[in-house]
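Architecture and fold: a report
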Amino acid sequence: VSTEPRSGTAAAAALVDRVGFRGGALAGVLGLTFAYTSVLYHVTDVVGGAELEVLVVLGSLALATGVARTVGERTALLVAAAIAAAGTVVYFVSIPSSQLALLTIGRLVSDVLALATGLSVLRLTAADVWALAFTPGPVFLSWYLAVRGRYVSAVVVGGGALGVLVVTGDAGTVPTLVGVVGAVAAVGFGQLERDGGTTAQVDSLAVVVAAMLVLTASVSVVPGGAAQPLLPDRGAKTVEASLVNAEDRIEVLGSIRLSPAVRFTVESNEGSYWQTAAYDRYTSEGWVRTGGTDPYRGELDDPPGADRALDYRVTAETPLDALPAAWRPVSLSGDVAATAEVTQQGGVRPGRTIEEGESFAVESRLPQYTTEQLRRAGTDYPGPINETYTQLPASISERVRERSAQVAGNDTSPYEKAVAIESHLESRKEYSLTVERPDGEIADSFLFEMDAGYCTYYATTMVVMLRSQGVPARFVVGYTAGQQVAEDEYVVRGLDSHAWVQVYFPEVGWVDFDPTPGGPRESVERTRLAEARQNNRTGVDTGGSAAGALQPSPDPADRATAVIGNESQSTPVRRGAILTENPRAFEEAFRNPNVSRNATVEATATDSGGGFSMPELPDRETLGFGLVVFVGLAAGARRTGLTRRAAETVWLRYQGARRDPETDVERAFSRLERLLAKRHRPRRTGETPRQYVDALRTRRIDDRVVTVAQTYERARYAGEVTREEADEAVQLVDDLVWERTPLVRRFRD
Amino acid sequence: MRLTRRGKGVLGVALLGFLMAAMFGSRALNAVVLPAFVALVAGAVQLRNVDAPAVTRETPADGFPGETGTVTLRFETDDPFAGVVADSVPEGLDTDPAAVETTVGAGPVSYELRYEDRGEHVLGPVYLTARDVLGLVERDLTVAARSRLVVYPSVADLAPAAMNELQSLYDTARTDERDEFDRLRGYERGDPLRDVHWKSTAKYDDLVVKEFAADTQAQAVTVAAGAAVGAADAMAEAVASVALGLLSMGIPVEVYTPNGELSASVGGERAVLEHLARTGRGGVPAETADVEVVASTGTTTVRIGDVETTFGALVGSVPFGGDGDGETPRGRDDARSPAEEVAA
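A brief look at the structure comes next. What you see is a predicted model; the values in this text were computed from it and never measured. (Residues numbered from 1 in each chain as written. Chains lettered and ligands numbered in written order. Predicted model: local features only at pLDDT ≥ 70, side-chain atom pairs only at ≥ 80, totals over all residues. Heavy atoms only, no water.)

A tally of helices and strands in chain B yields nine helices and 19 strands. Within chain B, residue pairs in contact and separated by at least 24 positions form 64% of the contacts whose partners lie at least 6 positions apart. (Helix = DSSP H or I, 4+ residues; strand = E, 2+ residues; numbered from the N terminus. Contact = heavy atoms within 4.5 Å.)

This is the structure we're talking about:
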């Protein structure tokens with residue numbers, strides 16, 4: 001009879017457990033879904049369609065919830081397949097027709113392969129459509145399966161979606177970990193729900209999850225550095241070159257250091273900014289170059305407006321993975337021309353590593369314009385330019401837009417806006433290579449939170465500000481002119497690498513602007529070069545460059561002479577720097593880490609000089625991370641019985657608050673009993689306290705035990721015990737307990 | 001210890017991730033590969049610490065072929081774990097389900113047992129497949145908990161003619177010794193007509209028979225049986241049907257089978273069934289029994305007194321060469337269920 005209500009309670013508890021387990025499993029699947037949809041949301045935030053993405057996710061979840069109970073699994077699978085197929089069709093329809101014409105099966109396969117080996121989704125021309133088309137299938141199917149209780153299948157579907165984004169490199173460590181933890185929770189709780197698991201197993205699960213988080217945050221077991229997507233091999237190339245393509249993406253970094261090594265020399269009548277890449281898509285954390293490349297087939301387009309030719313010859317001093325060229329390169333000659341590629345942005349790339357000592361000739365067409373011309377250029381931008389180069393993540397803060405509008409002014413031409421923003425940044429921000437990489441969006445952080453930064457920050461912020469005002473602009477990297485060592489020779493070092501801005505003007509084309517202040521940079525870089533020379537580093541000088549030779553090297557004003565109409569004082573391009581800084585970001589970005597180690601190793605060594613470093617997790621993540629680890633530790637303690645033992649220790653040692661004498665004596669005696677049980681044997685069932693103590697007397701137990709037992713007996717059965725007697729009993733038990741506590745007993749003597 | 005299919009999948013993902021990282025750059029693959037390895041290692045650690053629980057098995061009552069019963073397994077362990085429980089069940093018993101996924105130690109596990117073949121069956125040991133919380137790794141544990149279960153031979157209702165034949169066998173034995181009048185009682189089916197006490201019958205308007213003292217100190221009918229290879233079940237069924245038929249008429253029996261002898265009076269049906277459940281093939285042990293059953297492949301011959309017939313005829317599926325009281329012999333299909341018979 002007595003077991004009946006208890007088993008009822010147990011059944012109720014089991015039911016509560018099952019409901020809890022189901023909740024945990026569903027939350028796990030939601031966590032996994034959140035992980036990959038947040039990555040996709042970021043893509044749409046950058047490229048556009050963020051609101052639609054949220055709607056698609058919510059709609060898919062709602063649809064799955066609605067049909068989970070009524071629609072069979074075969075039908076649901078067909079629905080998911082139909083959604084995926086529709087997405088694919090929509091994606092292909094949305095690809096610009098110019099690119100669609102080039103699409104072949106082989107190219108499609110190689111593009112998929114490139115994505116699978118680390119090509120970011122953000123590099124796709126129609127990344128927004130891709131993300132929107134990719135989303136609903138897995139969200140619908142995995143949630144449908146989860147609602148039906150098929151958690152493992154749900155995790156397979158969701159995990160597959162997350163896996164795609166992990167291999168494309170779009171999912172960072174944090175979303176991936178969130179997804180993995182969600183998957184583990186879904187599988188673990190799902191199994192507990194099905195098998196009717198116990199709390200102890202939940203503890204095991206929590207410990208496993210905590211171990212995953214701690215280990216992932218502190219150790220890396222996988223080899224390999226930056227993503228090296230297998231890009232389609234369009235033309236004869238070496239394997240080495242086809243593997244290196246990191247320059248398609250730039251992440252803005254924290255502190256960097258300069259490399260004084262000579263990269264290449266240029267024989268030219270005129271110095272110029274030697275551009276290596278231009279980026280169109282801004283991701284809040286960095287820059288991405290979208291679209292593929294076409295093989296170089298001779299003469300490229302001239303700038304839309306007037307131009308003049310500049311012929312020069314570049315000789316590589318270390319292996320190069322980029323083609324430094326003055327904007328805008330129109331023809332190449334030399335061996336490299338056979339493999340060269342032309343990007344969608346009009347830049348050229350070598351298609352293979354240019355060997356040390358190899359040289360090539362370039363003809364560039366420098367745009368010719370006057371300030372007046374730029375001022376009057378108007379805003380009649382070609383459609384594709386306007387579309388591509390005014391893109392901004394939807395999450396760009398309002399204050400950035402407001403500040404941009406305020407700086408740029410209202411009724412001003414794009415040219416005036418550009419000049420205003422350029423001088424605003426030059427004058428308001430300090431130049432420094434030692435900065436902490438901000439957590440959020442770069443432009444917002446640089447404008448409102450940072451006092452200093454280097455060229456990447458200046459250039460990024462200027463592009464964001466211009467775009468927010470509707471002016472097409474892009475982020476450009478390359479090298480400054482370098483050190484002029486002879487009338488027609490320039491030595492370009494790693495520390496000359498630089499980032500600047502190009503603004504588009506109708507009828508003129510891309511015009512360079514450089515918001516980075518020159519003065520402070522110059523001194524930083526000269527110091528670095530001098531230091532390197534003092535340390536007798538090799539590769540720092542070439543030819544006559546050590547002698548100091550002709551100084552100063554091409555002045556910013558040099559470019560002004562190129563401007564038609566002698567308005568040199570108001571040239572849009574202000575370049576104060578002779579030497580510019582070398583953000584490791586793009587210095588490394590276009591160098592093959594396997595071929596030229598010196599610069600990379602140096603930079604890495606400097607960065608990791610602090611010794612052991614945990615991967616940085618932003619605050620919110622740190623909080624969640626800490627919470628999970630804490631829960632894991634607590635669960636582990638309970639799982640191993642640590643908490644129970646601790647509670648018992650405390651229970652045994654502290655009497656607690658005094659109540660009435662009887663209760664106190666009873667509590668004291670039960671403590672004593674526990675102590676005796678540990679030292680001798682527990683009281684048997686049916687054995688009275690007196691019999692128990694008498695039996696133990698043969699083992700020469702303390703007289704105090706007998707005293708307490710007698711007091712207890714009186715309190716329990718006679719009900720007559722005074723406050724003093726009770727206190728004495730408690731005191732005696734306290735003494736007995738503490739005497740048997742190691743270490744403490746010494747202090748009590 | 002081995003990987004489950006799920007575990008192999010996780011290992012595959014981890015290795016693929018590792019390879020992709022080595023070939024094409026690490027990306028966030030560490031956040032996939034490392035947790036996968038942690039999960040596998042944690043699974044192995046959990047299973048290494050698992051101890052085989054103590055198992056008690058509640059078996060259902062012994063029964064007849066075609067009956068079902070529920071077996072309940074209770075586990076006692078400090079550390080419940082997920083796993084699959086499969087009791088080993090010998091041939092002749094069928095289980096549903098054969099294996100149960102459960103948390104071992106959290107609650108009892110039950111499965112349905114269907115009795116198929118006559119015999120004494122041993123259940124156990126219990127095979128456990130312990131799994132980690134994520135179901136990636138599993139390990140086999142065997143708990144040697146054994147229980148016995150007896151499946152009785154099938155029992156068929158004998159045709160009335162056959163019952164009469166058996167009754168007459170007893171009557172022959174009894175009539176000789178009807179020495180002392182004991183009491184009057186109501187007529188029961190099978191009572192010989194000559195025992196009817198017509199006076200009382202007229203008085204009570206119901207058939208009343210005389211009972212003699214010798215009836216109580218029953219003279220047992222002896223049944224001897226033998227079986228050829230593969231015919232033990234047929235023999236057991238025939239003997240059980242005859243013996244239970246006799247007992248149902250209140251006639252004690254002595255059963256001689258190749259595995260021994262047993263005497264039983266009314267109420268001893270279970271002992272007879274258990275005895276017959278265990279018997280195997282062999283020659284007829286007693287030549288002079290009242291009833292002799294000889295089973296060979298295909299046919300079972302039954303000799304009752306001097307009448308030789310087949311078991312098929314006894315149960316009425318074949319016409320029986322008796323006096324034929326006009327009653328249609330009852331087929332085996334509408335025979336009372338054996339369970340009711342035992343309960344009666």
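Here the narrative resumes.
Take helix H18 (residues 519-534) of chain A next. Residue and element names in this part refer to chain A. End to end, H18 covers 23 Å across 16 residues, agreeing with the expected 22 Å (1.5 Å per residue, within 8%). Those residues of H18 that sit buried are Arg521, Glu522, Glu525, Arg528, Leu529 and Ala532. Down the axis of H18, the buried set is contained in an arc of 135 degrees. They therefore lie on one face. (Expected span 1.5 Å × (residues − 1). Buried < 20%, exposed > 50% of the residue type's maximum accessible area, 1.4 Å probe, protein only. Arc of directions from axis to C-beta.)

To continue, consider the interface of chain A and chain B. Contacts between the two partners involve 43 residues from chain A, matched on the other side by 34 residues from chain B. With both sides pooled, the region where chain A packs onto chain B buries about 3100 Å², and carbon together with sulfur makes up 66% of that total. When the buried area of chain A at its contact with chain B is split by residue, Gln191, Asp195 and Val222 of chain A rank highest and sum to 17% of it. Our count for the contact surface shared by chain A and chain B stands at one salt bridge. A salt bridge links Glu101 of chain B to Arg194 of chain A, with the nearest nitrogen and oxygen atoms 2.5 Å apart. The interface formed by chain A and chain B includes ten residue pairs in polar contact (both at pLDDT 80 or more). Mapped by element, the contributors of at least two residues to the side of chain A that touches chain B are helix H8 (151-167), helix H9 (173-195) and helix H10 (199-218) of chain A. For the side of chain A that touches chain B, the leading source of residues is H9 of chain A, giving ten residues. Along the lines of polarity and charge, the residues of the side of chain A that touches chain B split into 21 nonpolar, 19 polar and three charged. (Buried area = accessible area lost by both parts, 1.4 Å probe. Salt bridge = Lys/Arg side-chain N within 4 Å of Asp/Glu carboxyl O. Polar contact = N/O pair within 3.5 Å; in protein donor to acceptor, adjacent residues only side chain to side chain. Nonpolar A, V, L, I, M, F, W, Y, C, P; charged D, E, K, R; others polar.)

Bringing the sheet that holds strand S18 (residues 509-513) of chain A into the picture now. Residue and element names in this part refer to chain A. The strand order S3-S14-S17-S18 describes an open sheet built from four strands, whose pairing is antiparallel. Of all strands in the sheet, those with a lone pairing partner are strand S3 (274-279) and S18, marking the two edges. Here the average twist between neighbouring strands, direction ignored, is 35 degrees. Bridge analysis of strand S14 (residues 473-479) against strand S17 (residues 497-505) gives seven bridges, and the strand direction is antiparallel. Looking across to S17, one finds that Gly478 is bridged to His498. Its contacts with the sheet put helix H15 (residues 414-428) on S17 and S18, and the angle it makes with S18 is roughly 25 degrees. (Pairing = 2+ DSSP bridges. Axes fitted to C-alpha atoms, helices over the stretch in contact; angles between N-to-C directions.)

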